Amino acid sequence: MDFNDTPEEAAFRAEARAFLNANAVLKSEHSRTSGSRAFNAEDVALSKAWQGKKAEAGFAGFHWPKKYGGREGTQMQAIIFAQEEEKYLVPPGIFNQGVGMALPTIMSCGTQAQIDRYARPALFGEEVWCQLFSEPAAGSDLAGLRTRGARDGDDWVVNGQKVWTSNAHFSQFAMLVARSNPDVPKHQGLTFFILDMATPGVDVRRIKQISGTSNFCEVFLTDVRIPDSQRLGAVGDGWKVAMTMLANERFTVGQAEGPDFDDIFRLAKLVMLDDAPAVNDAAVREKLVNWFCQAQGLKYTRLRMQTALSRGKTPGPEASIAKLVSATKLQEIAAFGVDLLGQAGAVMDSETAPFDAWFQNALLYAPGKRIAGGTDEILRNIIAERVLKMPADMRVDKDMPFNKIPAGPR
Ligand SMILES: Cc1cc2nc3c(=O)[nH]c(=O)nc-3n(C[C@H](O)[C@H](O)[C@H](O)COP(=O)(O)OP(=O)(O)OC[C@H]3O[C@@H](n4cnc5c(N)ncnc54)[C@H](O)[C@@H]3O)c2cc1C
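Residues numbered from 1 in each chain as written. Predicted model: local features only at pLDDT ≥ 70, side-chain atom pairs only at ≥ 80, totals over all residues.

Visitor: Explain the overall build of the chain to me, using residue names and the numbers behind them.
Guide: Assigned secondary structure in the chain consists of 11 helices and 12 strands. Compactness check: the chain gives a C-alpha radius of gyration of 23 Å against a globular reference of 22 Å for 410 residues, within 12% of the reference. Along the three orthogonal principal directions, the C-alpha set of the chain runs to about 75 × 50 × 45 Å. Taking all 410 residues of the chain together, the buried fraction comes to 34%. Sequence separation of 24 or more characterises 70% of the internal contacts of the chain that already satisfy a separation of 6 or more. (Helix = DSSP H or I, 4+ residues; strand = E, 2+ residues; numbered from the N terminus. Rg over C-alpha atoms; globule rule 2.2 N^0.38 Å. Buried ≥ 20, exposed ≤ 12 C-beta atoms within 10 Å, placed from the backbone. Contact = placed C-beta atoms within 7 Å.)

Visitor: Can you break down the environment of Pro391 residue by residue, with the values?
Guide: Mapped onto the fold, Pro391 is located in the segment after helix H11 (376–387). On a C-alpha basis, the gap between Pro391 and Asn381 in space is 9.7 Å, while along the polypeptide they are 10 residues apart.

Visitor: Describe the site of the ligand, naming the residues involved and giving the relevant values.
Guide: Near the ligand, the surroundings consist of 18 residues, among which Phe133, Gly139, Ser140, Thr375 and Glu377 are the closest. At the level of secondary structure, the elements contributing two or more residues to the shell around the ligand comprise strand E3 (129–132), strand E5 (155–166) and H11. Each residue belonging to the shell around the ligand can be placed in one class, and the counts come to seven nonpolar, nine polar and two charged. (Near = placed C-beta within 6 Å. Nonpolar A, V, L, I, M, F, W, Y, C, P; charged D, E, K, R; others polar.)

Visitor: Before we move on, could you go through the pairing of E5 and cite the residues and values that matter?
Guide: Inspection of the sheet shows strand E4 (residues 148–152) paired to E5 by five bridges, in the antiparallel sense. Across the sheet, the residue bridging to Gly149 is Val158, located in E5. Judged from the nine bridges that link them, E5 and strand E9 (residues 216–227) form a sheet pairing that is antiparallel. Bridge pairing links Thr165 to Cys217 in E9. (Pairing = 2+ DSSP bridges.)

Structural data, given as structure tokens:
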């Protein structure tokens, strides 16, 4: 492990800081980032403008070819820039799915015409992408999806329903996986498409979340015609393309934003329990020390991932460990913060509640962090199989033709 920047990385960090200092405002000790914000039209416009500014200055698409507007740099530069950027007040990030996932996949699996059409507008913040993968009966078991894609002349006709689609209500394009052949085992009968969200038959309905925001949607697809030129990869290769995309997602699913050890420690020093600061209470101290240990473990696990990238290697399954621990820690810290706040913990109004209702908000969005990008149980399966080499999870339907798998109506 090496915790220090190489001379090249240090020079790049200085360059990134100079750009950020000139174009954004540093967060103060009291700035709180939240994973629950709703994005209104103004947020989307600001995010697009900020992405454009970064791309113009060479601080986007770090390892993309220069001909597509990228920097031809390294994955490490992307990490260093993200580490510096999170210290500043910048518009919400809505480009992970396009710049971080869709376009790298199009560059690996797409045609030259597709790369030429989609790369620059995504990188410069002109077009937003979403991911139409999950369905009511296909989340962890993504290969069990039921949305159908049938070939009709030069087009495909797609029918089905997707759900939990983040940002669908302001996205121009989507990555869509559909079942093109139900007669073969589930992983073999899928095909991947690029969908223009303005196509007739695409019906986007926002889902109201427990936090009161509405950042993801249900998407109904009725006789949606997609030209064959919008197919990504070969017919039946949808699973392979989706896995290429999910490998890119690994780099974009980061630390769960919200209150962390330092914040709950500060709160426990301020709040009084039985006429003494809460930190004096033995049960409080035990919790705090546990979260401190987890936070330290996460810090060094991330540094291990970073060291692997810095040396040009692919990080191992550490990302699964980091996500599993950080999302659970966020939920526990948020719940304990609300407890410590007593009656004030029941106030959601950020204008009047202490700490801008930060713990309250985090308590409502933290469960989603334990599901998105792989549920806790799925991450434990990955760690069991790939890190500990334990026997694989049972997958009884893996080799059966999809239409022979016992199921309800489809
Ligand atoms: C905030 C958020 C944003 C999201 N954004 C998107 C998006 O943009 N696009 C998109 O396509 N999807 C998105 N999703 C959906 C997400 O990918 C799925 O919710 C996730 O894959 C889980 O699938 P599911 O909800 O169908 O749950 P299920 O897979 O039905 O799981 C239900 C429960 O069963 C457990 N389980 C399932 N299989 C196993 C197993 N083999 N072993 C042990 N336990 C198991 C799970 O851990 C879970 O507890 C988002 C989800 C959230 C919460």
